[in-house]
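Architecture at a glance
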Amino acid sequence: MAGFRKVKEFVIEKLIFASGIASIIFVALIFIFLLSEGVSVLKSTSLGAFLGGRFWYPISDPPKLGILPLILGSLLVTAGAIVLAVPLGIGAAFYIADVAPAKIRSLLKSGVEVLAAIPSVVLGFLGITLLVPFLKHTLGLPTGLTALAGSIMLAFMALPTIITIAEDAINAVPREYKEGALALGATHWQTLTRVIIYGAMPGIIAASMLGIGRVIGETMAVMMVTGNAAVIPTSLLQPVRTLTATIAAEMGEAAKGSPHYFALFAVGLVLFLISFLINLTADLFLNRGKKR
Amino acid sequence: MSAKIKVERLNLWYGAFHALIDVGLSVREKAITSLIGPSGCGKSTLLRCLNRMNDLIDDVRIEGSVRIDGQDIYAGTSAPTALRKKVGMVFQRPNPFPLSVYENIAFGPKVHHLAKADEMDDIVEDSLKAVHLWDELKDRLDENALALSLEQKQRLCIARLAAVRSEVLLMDEPCSALDPLATLRIEELMRYLRSDYTILIVTHNMQQAARVSDDTGFMLLGELIEFGRTTDIFTRPQDKRTEDYITGRFG
Ligand SMILES: Nc1ncnc2c1ncn2[C@@H]1O[C@H](COP(=O)(O)OP(=O)(O)OP(=O)(O)O)[C@@H](O)[C@H]1O
Ligand SMILES: [Mg+2]
């Protein structure tokens with residue numbers, strides 16, 4: 001009997017170990033594959049021409065594989081999303097954590113959960129049918145398929161992440177700070193904006209970073225509403241093409257082993273590095289918050 | 001000396017629970033008054049009535065009157081923010097804000113618009129001097145207050161009140177997180193502050209009440225059983241229950 005239990009424990013332990021190792025191995029394999037395919041782009045172009053090239057004509061002859069317009073397109077759409085989602089998300093987190101009456105709080109929290117559960121393709125669908133025509137008419141644009149439309153879509157997707165994590169951070173601020181400020185005669189608003197926000201700051205920054213990390217790799221909705229013109233963007237009100245949309249749209253038609261094919265892997269590699277850096281930074285802030 | 005605070009027939013309920021029963025006392029100006037009694041008898045509750053911190057708890061009902069400088073603090077007209085500036089509170093666990101030493105002190109004057117920007121340095125210096133922290137901290141003003149020692153934190157919390165020129169200091173077991181030496185130094189500070197402030201202190205430590213306070217109140221199960229000069233309470237208590245408590249027969 002005791003022997004059986006020992007064997008059972010041994011097996012379970014090894015299984016847990018194996019699944020832990022497996023996830024690491026998979027990540028490593030994905031990265032290696034991406035790296036080996038992506039680096040092959042250097043056979044047909046230099047690193048500088050790839051990252052800094054202004055033209056993306058992958059099927060012309062010879063192909064022009066400059067991803068600068070794509071990088072700038074991604075950055076512009078993401079930056080717009082940050083500007084919209086971060087203040088809104090933090091505001092909402094404060095409202096939910098510290099201002100809203102209990103009933104409204106639970107209503108809002110389920111609302112945020114529902115928002116998180118909407119598949120991005122459905123959001124993109126709403127974007128095409130409602131948001132894009134709306135932008136076209138109200139702003140008098142030749143087309144509503146713009147970077148701005150992408151930013152708004154992405155902001156919606158980032159909001160649940162930002163709100164949930166920022167709210168946790170605000171709730172984790174010790175009650176004593178709040179009591180201390182109120183007992184000094186501060187108003188509720190002053191307590192929020194001058195004390196609690198500092199206690200929650202590392203978590204709020206992490207929330208914003210994770211929200212950004214969530215959207216920079218987002219594809220479907222953005223591809224559907226941004227117009228996908230691979231030109232260097234000069235304003236939020238013109239069509240742009242992002243790194244993700246490029247991969248999604250072109251992978252199917254790129255001949256395996258062609259410069260175009262390798263270039264798309266390299267685009268994936270760039271994307272991977274960007275979101276890796278963002279998540280790493282967010283982790284640093286989250287851990288800094290925990291240590292105190 | 002006149003009464004700074006006058007409490008009459010004060011009753012408080014947490015929901016259905018009657019936590020303060022017909023409490024009445026007068027607190028003398030620029031004296032130290034201590035409140036003693038077993039755990040859960042309502043000492044903190046009474047203290048929190050004096051700066052209306054109980055307002056923040058849901059489902060609290062308060063009856064009776066609390067007058068400070070002759071003004072009923074529960075009368076409709078007075079704002080709790082102004083009251084809390086005048087009647088400051090020091091908590092059991094030192095609770096400096098997660099800001100610099102300087103910003104901790106500047107917080108009160110800023111929210112009450114007490115100082116122009118160029119006066120703030122002086123206020124910070126004076127407030128730290130009032131709690132004998134200036135020499136220790138004058139080169140660390142930009143450091144985060146969370147890095148200070150517990151005793152320094154508690155002094156800083158008192159300095160925050162000096163900065164808004166509070167008149168009454170409510171101290172709820174201000175030394176219970178401190179070691180014995182730090183406790184003695186805070187008591188010394190209280191005696192020094194006594195010339196400028198009216199001080200109320202809640203303590204579980206009867207020697208502390210005997211050492212620092214001029215008046216003492218003994219509470220039991222929500223009632224103020226006995227109130228008078230500290231020497232009288234400790235040498236010739238009138239009520240049997242007070243005597244039992246101070247001689248350590250219960251609680
Ligand atoms: N927010 C609250 N809601 C309900 N009951 C409360 C609340 N705060 C305190 N009480 C109850 O009121 C009574 C008095 O509490 P209070 O904190 O004033 O006691 P205390 O004398 O300060 O005790 P201690 O010495 O342990 O600090 C206790 O029975 C307590 O359980
Ligand atoms: Mg208490």
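Rules of the game
- Residues numbered from 1 in each chain as written.
- Chains lettered and ligands numbered in written order.
- Predicted model: local features only at pLDDT ≥ 70, side-chain atom pairs only at ≥ 80, totals over all residues.
- Heavy atoms only, no water.
- Helix = DSSP H or I, 4+ residues; strand = E, 2+ residues; numbered from the N terminus.
- Buried < 20%, exposed > 50% of the residue type's maximum accessible area, 1.4 Å probe, protein only.
- Contact = heavy atoms within 4.5 Å.
- Pairing = 2+ DSSP bridges.
- Axes fitted to C-alpha atoms, helices over the stretch in contact; angles between N-to-C directions.
- Patch = residues over 30% accessible without salt bridge, like charges linked within 9 Å, V, L, I, M, F, W, Y side chains within 5 Å.
- Areas by Shrake-Rupley, 256 points an atom, 1.4 Å probe, with all protein chains shown as cover.
- Salt bridge = Lys/Arg side-chain N within 4 Å of Asp/Glu carboxyl O.
- Polar contact = N/O pair within 3.5 Å; in protein donor to acceptor, adjacent residues only side chain to side chain.
- Buried area = accessible area lost by both parts, 1.4 Å probe.
- Nonpolar A, V, L, I, M, F, W, Y, C, P; charged D, E, K, R; others polar.
- Near = heavy atom within 4 Å.
- Phe/Tyr/Trp six-rings, centres within 6.5 Å; stacked < 30°, edge-to-face > 60°.
- Lys NZ or Arg CZ within 6 Å of the ring centre and 35° of its normal.

1. With respect to the overall build of chain A
Across its full length, chain A carries eleven helices and two strands. In chain A, the order of α-helices and β-strands from amino to carboxyl end is α-α-β-β-α-α-α-α-α-α-α-α-α. In terms of overall dimensions, chain A has a C-alpha envelope of 75 × 75 × 35 Å along the principal axes. For chain A, with 292 residues in total, the buried portion stands at 44%. Expressed as a percentage of contacts within chain A between residues at least 6 apart in sequence, the contacts between residues at least 24 apart total 72%.

2. Digging into the sheet that holds strand E6 (residues 87-90) of chain B
Residue and element names in this part refer to chain B. If you trace the six strands from one edge of the open sheet to the other, you get E6-E7-E8-E3-E9-E10, paired in mixed fashion. Looking at the sheet topology across the chains shown, the edges are occupied by E6 and strand E10 (223-229). Recorded for the sheet is a direction-independent mean angle of 15 degrees between the axes of neighbouring strands. Here strand E3 (residues 32-36) pairs with strand E8 (residues 198-202) via four bridges, running parallel. Paired with Leu35 across the strands is Val202, a residue of E8. Where helix H1 (residues 43-50) meets the sheet, its contacts fall on E3, E6, strand E7 (168-172), E8 and strand E9 (215-220), and the angle it forms with E7 comes to roughly 155 degrees. Docked against the sheet, helix H6 (residues 150-163) engages E6 and E7, running at close to 170 degrees with respect to E6.

3. Side note on the environment of Ile82 of chain A
All names here are of chain A. Note that Ile82 resides in helix H3 (residues 68-99). Accessibility expressed as a relative area gives 29% for Ile82, which makes it partly exposed. For the pair formed by Ile82 and Arg194, sequence separation is 112 residues and the distance between their alpha carbons is 23 Å.

4. Some thoughts on a nonpolar patch on the surface
All names here are of chain A. There is a patch of nonpolar side chains on the surface, built from Phe17, Ile21, Ile24, Ile25, Phe26, Leu29 and Ile32 and spanning about 710 Å² of accessible area. In this fold, Ile24 is placed in helix H1 (residues 2-39). You can call Ile24 exposed: its relative accessible area is 56%.

5. Some thoughts on the side chain of Ser166 of chain B
All names here are of chain B. Mapped onto the fold, Ser166 is located in the loop between H6 and E7. A relative accessible area of 4% means that Ser166 is categorised as buried. Of note is the side chain of Ser166, whose polar atom sits 2.8 Å from the backbone oxygen of Lys85. Residues in contact with Ser166, not counting those within four places in the same chain, are Lys85, Lys86, Gly88, Leu161 and Tyr197.

6. A look at the interface of chain B and chain A
Contacts between the two partners involve 24 residues from chain B and, on the opposite side, 17 residues from chain A. Summed over the three residues of chain B that lose the most area to chain A, namely Pro98, Phe107 and Val111 of chain B, the buried surface amounts to 26% of that side. Seen at the junction of chain B and chain A, the total is two salt bridges. Two residues, Arg48 of chain B and Glu179 of chain A, come together in a salt bridge whose shortest N-O distance is 3.4 Å. Seen at the junction of chain B and chain A, the total is five residue pairs in polar contact (both at pLDDT 80 or more). Within the residue set of the side of chain B that touches chain A, elements represented by two or more residues are helix H2 (80-86), E6, helix H3 (101-111) and H6 of chain B. Here the residues of the side of chain B that touches chain A are counted per class, giving 14 nonpolar, four polar and six charged.

7. Side note on the site of ligand 1
Residues and elements named next belong to chain B. Contacts to ligand 1 come from 13 residues, most closely from Ser39, Gly40, Lys43, Ser44 and Thr45. In this structure, Gly42 approaches ligand 1 through a main-chain N or O atom, which is 3.0 Å from an oxygen atom. At 2.8 Å, a side-chain N or O of Lys43 approaches an oxygen atom of ligand 1. Starting from 640 Å² of accessible surface for ligand 1 in isolation, the protein chains cover 63%. For the shell around ligand 1, the secondary structure elements donating two or more residues are strand E2 (17-28) and H1. When residues in the shell around ligand 1 are grouped by element, the largest group, three residues, is from H1.

8. Remarks on helix H7 (residues 175-183) of chain A
For H7 of chain A, the set of buried residues is Tyr177, Glu179, Gly180, Ala181, Leu182 and Ala183 of chain A. Buried-residue contacts for H7 of chain A involve helix H8 (188-216) of chain A together with H1, H2, E6, H3 and H6 of chain B. Within two residues after H7 of chain A, Gly185 of chain A carries a phi angle of roughly 90 degrees, on the positive side.

9. Concerning the packing of aromatic side chains
Taken as a whole and judged by the stated rule, the model has eight aromatic pairs over all chains. Ring centres 5.1 Å apart and planes at 35 degrees place the aromatic pair Phe31 of chain A and Phe272 of chain A in the tilted group. Of this pair, Phe31 of chain A sits in helix H1 while Phe272 of chain A sits in helix H11 (residues 259-291), placing them 241 residues apart in sequence. Classification of Phe31 of chain A by relative accessible area gives partly exposed; the value is 28%. The interplanar angle of 0 degrees and the centroid separation of 6.4 Å between the aromatic rings of Phe272 of chain A and Phe276 of chain A together place this pair among those described as stacked. Here Phe272 of chain A and its partner Phe276 of chain A are both found in helix H11, four residues apart, which amounts to about one turn of the helix. Over the ring of Trp13 of chain B we find Arg61 of chain B, and its NZ or CZ is 4.1 Å from the ring centre. Between Arg160 of chain B and the ring centre of Phe97 of chain B, over which it is positioned, the NZ or CZ distance is 4.2 Å.

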